[in-house]
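Listed below are the residues making up each chain.
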Amino acid sequence: MSQYDVIVIGGGPGGYVAAIRAAQLGLKTACVEGRETLGGTCLNVGCIPSKALLHASHQLHEAEHNFAKMGLKGKTPSVDWKQMLSYKDDVIGQNTKGIEFLFKKNKVEWLKGWGSIPEAGKVKVGDDVYEAKNILIASGSEVASVPGADVTVDNDKGVVVDSTGALALPKIPKKMIVIGAGVIGLEMGSVYKRLGAEVQVIEFLDHVTPGMDAEVQKQFQKILTKQGLEFTMGAAVSKVEATANKATVTYTLRKDESEHTAEADVVLVATGRKPFTDGLGLDALGIEMTKRGQIAVNDAWKTNVDGIYAIGDVVEGPMLAHKAEDEGMAAAEVIAGKHGHVNYNVIPSVIYTTPEVAAVGKTEAQLKEEGKAYKVGKFSFMGNGRAKAMFQGEGFVKLLADKDTDRILGCHIIGPMAGDLIHEICVGMEFGASAEDIALTCHAHPTFSEAVREAALACGDGAIHA
Ligand code: FAD
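Values in this document were obtained by computation on a predicted structure and should not be read as measured data.

Novice: I'm lost on the overall build of the protein in this one. Help?
Specialist: Each helix and strand counted, the protein has 14 helices and 22 strands in total. Here the C-alpha radius of gyration of the protein, 23 Å, is about what a compact globule of 466 residues would show, namely 23 Å. On the principal axes, the C-alpha backbone points of the protein span a range of 65 × 60 × 50 Å. Contacts in the protein between residues far apart in sequence, at least 24 positions, make up 65% of those at least 6 positions apart.

Novice: It is not clear to me how the site of the ligand should be interpreted in this structure. Could you clarify?
Specialist: The ligand sits among 36 residues. The nearest are Gly10, Gly12, Gly40, Gly140 and Gly312. Those elements giving two or more residues to the shell around the ligand turn out to be α1 (13-24), β2 (29-33), α2 (40-45), α3 (47-65) and α9 (321-335). A class-by-class count of the residues in the shell around the ligand yields 15 nonpolar, 18 polar and 3 charged.

Novice: I tried to follow helix α14 (residues 449-458) on my own but got confused; where do I start?
Specialist: Note on helix geometry: an α-helix contains 3.6 residues per turn, so any two residues three or four positions apart are oriented the same way. For α14, the buried fraction is high: 10 of the 10 residues fall into the buried class. Regarding α14, the residues found buried are Ser449, Glu450, Ala451, Val452, Arg453, Glu454, Ala455, Ala456, Leu457 and Ala458. Buried positions along α14 lie against β20 (374-380), β21 (396-402), β22 (408-415), α12 (418-430) and α13 (435-439).

Novice: Looking at this model, I keep getting lost on the domain arrangement of the protein. Mind explaining?
Specialist: Reports of interface size often rely on the accessible area that becomes lost once the parts have come together. We note that the domain assignment places domain 1 (4-143 + 274-336), domain 2 (155-271) and domain 3 (349-459) within the protein. Distance from the C-alpha centre of domain 1 to the C-alpha centre of domain 3: 30 Å. Counting from both sides, the interface comprises 7 residues of domain 1 and, opposite them, 4 residues of domain 3. Taken together, the residues of the side of domain 1 that touches domain 3 break down into 3 nonpolar, 3 polar and 1 charged.

Novice: Would you explain the UniProt feature "binding site: FAD" (unreviewed entry) in the protein in this entry?
Specialist: In the numbering used here, UniProt assigns the "binding site: FAD" (unreviewed entry) feature to Lys51, Gly115, Asp313, Met319, Leu320, Ala321 and His322. Spatial dispersion of the annotated residues is evident: they stretch over 272 residues in sequence, and the largest pairwise C-alpha distance comes to 29.8 Å. Within the fold, Met319 resides in the loop between β17 (308-310) and α9. Assignment of secondary structure puts Ala321 in helix α9. Ala321 gets classed as buried once you count the C-beta atoms within 10 Å, which come to 21. With sequence-adjacent residues up to four places away left out, Ala321 is seen in contact with Pro13, Cys42 and Cys47.

Novice: Could you clarify how one ought to interpret the packing of α1 against helix α4 (residues 81-106) in this entry?
Specialist: Angle between the axes and distance between the axes are the two parameters that describe a pair of packed helices. α4 packs onto α1 with a crossing angle of 20 degrees between their chain directions and a minimal axis gap of 9 Å. In terms of axis orientation, α1 runs roughly parallel to α4. Read as a crossing pair, α1 and α4 show a hand that is left-handed. Taking contact as the criterion, the partners of Tyr16, Ile20, Ala23 and Gln24 in α1 are, on α4, Ile99, Leu102 and Asn106. Residue classes in the contact of α1 with α4 are distributed as 5 nonpolar, 2 polar and no charged.

Novice: So what exactly am I meant to see when it comes to unusual backbone geometry here?
Specialist: Among all residues save glycine, negative phi is the norm, and among peptide bonds the norm is trans. The omega torsion across Thr354 and Pro355 is 0 degrees, close enough to zero to call that bond cis. Here Pro355 is to be found in the loop between β18 (349-351) and β19 (356-361). In the segment running from His445 into Pro446, the intervening peptide bond is cis, with an omega of -5 degrees. Inspection of the secondary structure puts Pro446 in the loop between α13 and α14. With phi around 60 degrees, Glu257 is a residue other than glycine that occupies positive phi space. On the secondary structure map, Glu257 appears in the loop between β13 (247-253) and β14 (259-264).

Novice: What is the right way to look at the environment of Asp404 in this model?
Specialist: By the element assignment, Asp404 lies in the loop between β21 and β22. Note on Asp404: 10 C-beta atoms within 10 Å, which makes it exposed. When the C-alpha atoms of Asp404 and Tyr374 are compared, they prove to be 7.8 Å apart, with 30 residues separating the residues in sequence.

Novice: Would you take a moment to explain α9 for this structure?
Specialist: When the terminal C-alpha atoms of α9 are compared, their 21 Å separation across 15 residues agrees well with the 21 Å that a helix rising 1.5 Å per residue should span. Of all the positions in α9, only Ala321, Lys323, Ala324, Glu325, Asp326, Glu327, Gly328, Met329, Ala330, Ala331, Ala332 and Ile335 are classed as buried. Residues of α9 that are buried make contact with β1 (3-9), α1, α2, α3, β6 (128-137) and β17. Remark: Gly337 follows α9 within two positions and exhibits a positive phi of approximately 85 degrees.

Novice: How should the nonpolar core be read in this particular structure?
Specialist: Proteins that are soluble and globular tend to have nonpolar side chains buried together. In terms of nonpolar packing, the biggest core is built from 133 residues, with Ile7, Ala18, Ile137, Ile179, Val267 and Leu268 touching the most fellow members. Excluding residues within four positions of it along the chain, Ala18 makes contact with Val8, Leu136, Ala138, Ile311, Gly328, Met329, Ala331 and Ala332.

What counts, and where the lines are drawn
- Residues numbered from 1 in each chain as written.
- Predicted model: local features only at pLDDT ≥ 70, side-chain atom pairs only at ≥ 80, totals over all residues.
- Helix = DSSP H or I, 4+ residues; strand = E, 2+ residues; numbered from the N terminus.
- Rg over C-alpha atoms; globule rule 2.2 N^0.38 Å.
- Contact = placed C-beta atoms within 7 Å.
- Near = placed C-beta within 6 Å.
- Nonpolar A, V, L, I, M, F, W, Y, C, P; charged D, E, K, R; others polar.
- Buried ≥ 20, exposed ≤ 12 C-beta atoms within 10 Å, placed from the backbone.
- Domains from an automatic or database assignment.
- UniProt positions renumbered as here; feature names shortened; annotations may be inferred.
- Axes fitted to C-alpha atoms, helices over the stretch in contact; angles between N-to-C directions.
- Parallel < 35°, antiparallel > 145°, perpendicular 65-115°, else oblique.
- Left-handed = near helix turned anticlockwise from the far one by under 90°.
- Expected span 1.5 Å × (residues − 1).
- Core = buried A, V, L, I, M, F, W, Y, C linked by C-beta atoms within 7 Å.

As structure tokens, this is what we get:
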């Protein structure tokens, strides 16, 4: 029987990163993955394919709406959907193969198949049983259904789909209904809107992107509405009925309890994800779970069973690839007898629409709830020369700092490259920076980053270009 120091179950961003780090730290490591390719949800049906389609459809938007303004005239490209999907599949292939290469380079063995844990210290894959001093569960998440509604997703039929189906539709729909105005729904809704579909987003709450800064939510919905997405807010979906090429969504408006229906040729169910633990045998092992079906772990990612750890989407916290990766590295370090570190106060979240939306740290609502005195430095991208040159002046940077100490508490950005800009604030927060530290740092001109500095200046004596 093969023996390992660590067997990781799941080859997503949490699992593969943990396996590589464990091997780098000198541990004999294997990773069990049941999919045909490594990389998990993120590389196969999540972050990477969605960003490929966002990139391609953004280029089309630029050609249709902005090229002529810059004197770039000529025929606007038409969409070859098959080719766009094959570009997306190439991008996936390059990335998943890349992880296979990294496994070989770091001497991580890939045990192909679905794994279970028959007892602590053992992992079963197919008919083979392997011994492991430590087992790390990184089995990720799966799509959750619409709470309280009668909906059957069938990605093969391509009428009522989840995000996986939406990344591989047989054709671009004339009309798409997106149930859920969260990150995935709005990213995919943007893609199909830019590709020519009519897109209606139906959301239970009265605002988009739950948990984000309220001003960002409002501005984001306004911009997406301007781009042509239609929003039906405060609407509880009760059922989705599908025929071979159409679906009807029934929903009740919460404000007056009135019932409505809407029809589309594709309905995308994007109401969230839930932890995936099927087939692992956790019940028999007596592994403690949270009320939300996540594996319960302590601050060293240990479960209640000795030698079994868990990380990523299958445990508590934001379901994000980089959170899973950070936990993967940290848990591997703990297993190797070192100190693993994840700062849960500084985990950025990003929406990759145009404009992008990014956030880190506290929102104003959270600070108010905590009774913390804070100040706000806000700067509009209208005052940023580079953003205006690229027709992206609509957003803003909002920096929140402690009223007394000036220490940065949070940052919320809607605007060009927000997902990259946020990291200067993440680094700042890791180092305990004040808003003044950012304001005193020379920022190159003309860059989008100047807007971040201006927001920091606005926390003090005032922005210059406001
Ligand atoms: P997963 O990536 O889900 O990987 C788990 C792996 O474990 C899977 O490959 C599964 O096959 C395997 N597995 C499970 N059980 C077993 C078993 N018993 N035996 C063997 N293998 C098993 N996050 C971001 O940060 N940025 C984004 O832009 C982003 N975009 C997204 C877009 C979409 C459409 C979706 C669906 C998700 C997106 N996410 C994004 C979320 C991100 O994909 C997840 O947070 C991330 O993949 C979680 O990593 P993980 O390693 O915990 O789990």
